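Each chain, written out:
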Amino acid sequence: MSIVDTITDHVREHRSGMFSDLLFAVVWVTIVELFFNFVDGPQWAYYMFMLAGIVAYFGFFWSLELAKNQQQ
């Protein structure tokens, strides 16, 4: 199996998850960018908000999984 076939299979298996990950990242970065363009805060705070996106990502998807499991 070639590397292209391997990548294609991986994308087919994880398509919806990859899309939701990308969407979350784009929305988070857009919100932080707009906020700091409006507020004109310090550079260190900008980077901290970007890093907080990692925590927000795992928190959001963890709570989403919990809600789905409680619904079943």
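Remember, it's a predicted structure, so these values are computed and weren't measured experimentally. (Residues numbered from 1 in each chain as written. Predicted model: local features only at pLDDT ≥ 70, side-chain atom pairs only at ≥ 80, totals over all residues. Heavy atoms only, no water.)

**Here's the deal with a nonpolar patch on the surface**
Logical step 1: Side chains of Ile3, Val4, Ile7, Val11 and Met18 sit close together on the surface and give an oily, nonpolar patch of about 460 Å² of accessible area.
Logical step 2: With four residues, helix α1 (residues 3–13) is the largest single contributor of residues to the nonpolar patch.
Logical step 3: Among the secondary structure elements, isoleucine 3 is positioned in helix α1. (Patch = residues over 30% accessible without salt bridge, like charges linked within 9 Å, V, L, I, M, F, W, Y side chains within 5 Å. Areas by Shrake-Rupley, 256 points an atom, 1.4 Å probe, with all protein chains shown as cover. Salt bridge = Lys/Arg side-chain N within 4 Å of Asp/Glu carboxyl O. Helix = DSSP H or I, 4+ residues; strand = E, 2+ residues; numbered from the N terminus.)

**Observations concerning the environment of histidine 10**
Logical step 1: Topologically, histidine 10 is positioned in helix α1.
Logical step 2: Separated by 59 residues in the primary sequence, histidine 10 and asparagine 69 place their C-alpha atoms 25 Å from one another.

**Brief notes about unusual backbone geometry**
Logical step 1: If you check the backbone angles, aspartate 40 has positive phi at about 60° while not being a glycine.
Logical step 2: Secondary-structure assignment places aspartate 40 in the loop between α2 (15–39) and α3 (43–71).
Logical step 3: With relative accessibility at 65%, the residue aspartate 40 sits in the exposed group. (Buried < 20%, exposed > 50% of the residue type's maximum accessible area, 1.4 Å probe, protein only.)

**Re the packing of aromatic side chains**
Logical step 1: Using the criterion set out here, one finds 12 aromatic pairs in the structure.
Logical step 2: Ring geometry for tyrosine 57 versus phenylalanine 58: centroids 5.0 Å apart, planes at 80°, classification edge-to-face.
Logical step 3: Note on tyrosine 57: relative accessible area 22%, which makes it partly exposed.
Logical step 4: Put simply, the rings of Phe24, Trp28, Tyr57, Phe58, Phe60 and Phe61 pair up and form one aromatic cluster. (Phe/Tyr/Trp six-rings, centres within 6.5 Å; stacked < 30°, edge-to-face > 60°.)

**Remarks on the pattern of salt bridges**
Logical step 1: With the rule as written, the count across this model stands at one salt bridge.
Logical step 2: Residue aspartate 9 pairs with arginine 12 through a salt bridge whose shortest N-O separation is 3.9 Å. Of this pair, aspartate 9 and arginine 12 both sit in helix α1, separated by three residues, roughly a single helical turn.
Logical step 3: Note on aspartate 9: relative accessible area 29%, which makes it partly exposed.

**Structural notes on the packing of α2 against α3**
Logical step 1: Two elements in contact, α2 and α3, have axes whose closest approach is 10 Å; the angle formed by their N-to-C orientations is 145°. Read as a crossing pair, α2 and α3 show a hand that is right-handed. On α3, the residues that touch Ser20, Asp21, Phe24, Trp28, Val29, Val32, Glu33, Phe35 and Phe36 of α2 are Ala45, Tyr46, Phe49, Met50, Ala52, Gly53, Ala56, Tyr57, Phe60 and Phe61.
Logical step 2: For the contact of α2 with α3, the class distribution of residues is 15 nonpolar, two polar and two charged. (Axes fitted to C-alpha atoms, helices over the stretch in contact; angles between N-to-C directions. Left-handed = near helix turned anticlockwise from the far one by under 90°. Contact = heavy atoms within 4.5 Å. Nonpolar A, V, L, I, M, F, W, Y, C, P; charged D, E, K, R; others polar.)

Function cannot be read off these values alone, since they describe shape.
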